[in-house]
Amino acid sequence: MNAHPAGRWMRRAGSLAICLIAWQMASVLRLDLGIVTFRNVPPPVDVAAAALDFLRSPRLYDHLASSLRRVLAGYGIAAVAGVALGLVIGRSRWLADFLQAPLELLRPIPAVAWIPLAVLMFPSSEWSMIFITFTGALFPILINTVHGVENVDPRLIASARSLGSTRTAMLLEVILPGAAPNIVTGLVIGMGTSWFCLVTAEMISGQFGIGYYTWESYTLQNYPEIIVGMILIGLLGMGSSALLRVAGTALLPWHAKEGR
Amino acid sequence: MMNSHDPNLHALTGRIKARNVSIRLGHGSSAFEAVSDVSFEVSPGEFVCLLGPSGCGKSTLLGALAGHIAPAAGTLAVDGDVVKGPGPERGIVFQHHTLFPWKSARDNVAFGLKMRGVARGERRREAERILELVGLDGFFDRYPRQLSGGMQQRVEIARVLVNKPRLLLMDEPFGALDALTRLRMQELLLDIWEQFRKTIVFVTHDIDEALLLADRIIVMKAQPGRIHEEIRVPFERPRGTDIMASADFVRLKQHCLHLLHSDRRADTLTRLSPLG
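Residues numbered from 1 in each chain as written. Chains lettered and ligands numbered in written order. Predicted model: local features only at pLDDT ≥ 70, side-chain atom pairs only at ≥ 80, totals over all residues. Heavy atoms only, no water.

J.: Where do I start with the UniProt feature "transmembrane region" (unreviewed entry) in chain A in this structure?
T.: Under the local residue numbering, the UniProt record ascribes the feature "transmembrane region" (unreviewed entry) to residues 72-90, 102-122, 128-149, 170-196 and 226-252 of chain A. As a span, residues 170-196 of chain A carries 100% helix and 0% strand, and end to end its C-alpha atoms are 36 Å apart. (UniProt positions renumbered as here; feature names shortened; annotations may be inferred. Helix = DSSP H or I, 4+ residues; strand = E, 2+ residues; numbered from the N terminus.)

Encoded structure:
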């Protein structure tokens, strides 16, 4: 923590450079370590060339737009449902008891396992993919919201009641801001998992999307493109999480100003 | 609103009657009687301190007056109305950390007014007026974490005063402050009380504090919590901290010490309050 900021950035860039050089050498030398082999792994230089091609291609927009649309829809629904459900579960013991069994049962089921049923349930493949994205984002958001609501200081609730708080004000002005830091954490984690699940869903069905592009590249043996797809997924997930974190900090000024 | 400075008008409200109040805390096998068969009265405008060792039920009794805890037996009434739940006419100030961290000092104070449907402009003005009264001119936009402990307690007091309560209930409000800040806050509270003459019930385990502030001290003892003795505090008002060196003060303090020491067993009981 005492390091100079410029020094820290240098270190980060340096580690990235070392990884790239090691990768380049491994694939150029066709390194074969027995269990893992780099013989079919394209070197970063080829990947960069493929990435440049893809960036110039008109299909880039279609792939990106399809993926972003699905994530926005699935994640958006999950965010609204997760926060709303989390607030009521955190506030009502009755609802918590009522919903606990089905939610605990559904929670550990991974997105991949949902795919066959989603295809059967949703006639439109677009909606089945949105649904998969939704299942991925819902639980982190829901669980963090419930956790946040349960952790609101009971003395704050007691003071609010003593100050004549209405039920609506209790929820919107005490419980919601009290749980907000946990909700933001849930939203950031949920964003990551929803990308994760989207790509899984796109590999099974669809004609556009970054996940589809990655899988298509494999079947067409365009190996550098596989890695372009992977990097794009990583960047999109990282970027959207970072965006949420910035938004969270802006929305929770009392948190940021803590240290004065 | 016009009459907020008329002591006579306020002196008519804030009468407390406690009749054979018993309070049980905890559930099932761990339940115990925290307050046992307590009866007392407080006159309108009176400043009463509940003094006692930890575990004597003084905070629990205050929580019941606020309406956060229901008595198992007996009745608690304020101005003839039985206490049924929390409400803005019985404002409570805790030891620390009950300001809304996400609201500025002004919005914390304005919260009660907002709940009553007072328009935004008016509640801002009123909140600022009360904050100035407690000496927080210029700190309206600070979040609680940007304020010192003493300043936070000033906001707490302002937040309760803005509701024009009949009762001010204070649960060791200055217990977490350093000695000098505590003295200053005690003087501020006396000053506010002289102006508004609200009934105040003030919980403390600090004998000096009780003697400096109260008209009357209700000394409690533990296991189960009950009233040990009531002491009238004869010092003239307005009081300053200079009385603490007087012979009468020292004599009363010795008496209180004697009362608290006769209740040594209480030290073994941990502090238990459902509100923390």
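J.: In this structure, what is going on with the interface of chain A and chain B? I would like to understand it.
T.: Accessible area lost upon the coming together of the parts is a frequently used measure of interface size. With 22 residues of chain A in contact, the opposing surface of chain B contributes 29 residues. Interface of chain A and chain B: buried area, both sides summed, is about 2,400 Å²; carbon and sulfur atoms make up 62% of it. When the buried surface of chain A facing chain B is broken down by residue, Arg155(A), Leu163(A) and Glu173(A) rank first, second and third, together holding 31% of it. Here chain A and chain B share 2 salt bridges between them. A salt bridge links Lys114(B) to Glu173(A), with the nearest nitrogen and oxygen atoms 2.9 Å apart. Put simply, the parts of the chain that give the side of chain A that touches chain B at least two residues each are helix H7 (154-162), helix H8 (167-204) and helix H11 (253-256) of chain A. Split into classes, the residues belonging to the side of chain A that touches chain B amount to 9 nonpolar, 6 polar and 7 charged. (Contact = heavy atoms within 4.5 Å. Buried area = accessible area lost by both parts, 1.4 Å probe. Salt bridge = Lys/Arg side-chain N within 4 Å of Asp/Glu carboxyl O. Nonpolar A, V, L, I, M, F, W, Y, C, P; charged D, E, K, R; others polar.)

J.: Got a minute to help me understand the domain arrangement of chain B in this structure?
T.: Residues and elements named next belong to chain B. The domain boundaries assigned to chain B delineate domain 1 (1-89 + 166-276) and domain 2 (97-164). One C-alpha centre belongs to domain 1, the other to domain 2; they are set 24 Å apart. For the domain 1 and domain 2 pair, buried surface summed over both sides reaches about 1,400 Å², with 74% attributable to carbon and sulfur atoms. Taken together, the connections running from domain 1 to domain 2 amount to 0 salt bridges. Elements that contribute at least two residues to the side of domain 1 that touches domain 2 include exactly strand S7 (167-171) and helix H6 (179-196). For the side of domain 1 that touches domain 2, the element with the highest residue contribution is H6, accounting for 7 residues. Residues that form the side of domain 1 that touches domain 2 fall into these classes: 11 nonpolar, 4 polar and 3 charged. (Domains from an automatic or database assignment.)

J.: Please explain the sheet that holds strand S5 (residues 81-82) of chain B as it appears in this structure.
T.: Strand pairing in a sheet takes place through backbone hydrogen bonds and is either antiparallel or parallel in direction. Residues and elements named next belong to chain B. Pairing within the open sheet is antiparallel, and its 4 strands lie in the order S2-S1-S4-S5. At either margin of the open sheet sits one strand with a lone partner, and together these are strand S2 (32-42) and S5. Along the sheet, helix H2 (residues 58-66) contacts strand S1 (16-25), S2 and strand S4 (73-78); its crossing angle with S1, the most-contacted strand, is approximately 115°. (Pairing = 2+ DSSP bridges. Axes fitted to C-alpha atoms, helices over the stretch in contact; angles between N-to-C directions.)

J.: Even after reading the chapter, I still don't get the sheet that holds strand S10 (residues 226-232) of chain B, so can you show me in this structure?
T.: Residue and element names in this part refer to chain B. Strand order in the open sheet made by the 6 strands is S6-S7-S8-S3-S9-S10, with mixed pairing throughout. The open sheet has two edge strands, strand S6 (90-93) and S10, and neither has a second partner. Going across the sheet, the axis of each strand differs from the next one's by a mean of 20°, ignoring polarity. Taken together, the 4 bridges between strand S3 (residues 47-51) and strand S9 (residues 216-221) define a ladder with parallel strand orientation. Bridge pairing in S9 places Val 48 opposite Arg 216. Across the face of the sheet, helix H8 (residues 247-261) comes into contact with S3, S9 and S10 while running at roughly 175° to S10.

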